[in-house]
Amino acid sequence: GIPAFFTPTGVGTIVAEGKETRDFDGKTYVMERSLVPDVSLVKAWMADRAGNLVFRRTARNFNPVMAMAASVTIAEVDEVVELGDLDPENIASSGVFVHRVVKRQPGDTRP
């Protein structure tokens, strides 16, 4: 939902060439447009039938943000449960951001 942001990273380099810059409190910032991916593929531990996702360990770092950023989000999950089976306190991505849930196949040893 944020179309652009200002950052000091890249000021005075070729990264800033042709981009809008502004000074805030005596410091120069360059405007960067947000990246909006068409498709986001995320790995979750568990999902319910509405697409609410529970992540484990480091998967909580970027997967919830990427699920919200993309136009279409596809989640690969280890387990699919019924509505109401997930603890609402553990849901990291709301089903409103998830368009497809794919259950991981038994014997698939990818992490």
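Residues numbered from 1 in each chain as written. Predicted model: local features only at pLDDT ≥ 70, side-chain atom pairs only at ≥ 80, totals over all residues. Heavy atoms only, no water.

**Description of the environment of Met 66**
For clarity, the cut-off: Helical segments are the DSSP runs of H or I of at least four residues, strand segments are the runs of E of at least two, and each set is numbered from the N terminus. Relative accessibility under 20% of the residue-type maximum defines a buried residue, over 50% an exposed one, and the middle range a partly exposed one, all with a 1.4 Å probe and only protein chains included. Should any heavy atoms of two residues lie within 4.5 Å, those residues are counted as being in contact.
As for its placement among the helices and strands, Met 66 is situated in helix 1 (residues 59-69). Under the relative-accessibility criterion, Met 66 is labelled partly exposed at 35%. A C-alpha to C-alpha distance of 8.2 Å links Met 66 and Leu 41, two positions 25 residues apart in sequence. Filtering out sequence-adjacent residues up to four positions away, Met 66 remains in contact with Pro 37, Ser 40, Val 42 and Thr 73.

**Quick notes on the sheet that holds strand 1 (residues 4-7)**
Quick note on the threshold: Pairs of strands are assigned from DSSP output, requiring at least two bridges between the strands. Simply put, an axis is a line fit to the C-alpha atoms, just over the touching stretch for a helix, and the angle between two N-to-C directions goes from 0 to 180 degrees.
Read from one edge of the open sheet, 3 strands run 1-3-2, paired in antiparallel fashion. Two strands lie at the open edges of the sheet, namely strand 1 and strand 2 (21-24), each paired on one side alone. When strand polarity is set aside, the average angle formed by the axes of neighbouring strands in this sheet is 35°. As judged from the 4 bridges shared by strand 2 and strand 3 (residues 27-33), these two strands associate in the antiparallel manner. Looking at the pairing, Asp 23 lines up with Thr 28 of strand 3.

**A closer look at a nonpolar patch on the surface**
The criterion, for reference: In this scheme, patches are assembled from residues that exceed 30% relative accessible area and form no salt bridge. Like charges are connected within 9 Å, while nonpolar side chains (Val, Leu, Ile, Met, Phe, Trp, Tyr) are connected within 5 Å. For accessible areas, the Shrake-Rupley method is used with a probe of radius 1.4 Å. Any residue's cover is judged against the shown protein chains and nothing else. Salt bridge, as used here: a side-chain nitrogen of Lys or Arg that lies within 4 Å of a carboxyl oxygen of Asp or Glu.
Together, Val 65, Met 68, Val 96 and Phe 97 line one region of the surface with nonpolar side chains, adding up to about 370 Å² of accessible area. Tracing the sequence through the fold places Met 68 in helix 1.

**Some points on the side chain of Ser 40**
Along the polypeptide, Ser 40 turns up in strand 4 (residues 39-48). Owing to a relative accessible area of 3%, Ser 40 belongs among the buried residues under this scheme. When residues no more than four places from it in sequence are discounted, the contact partners of Ser 40 are Met 66, Ala 67, Ala 70, Val 72, Thr 73 and Ile 74.

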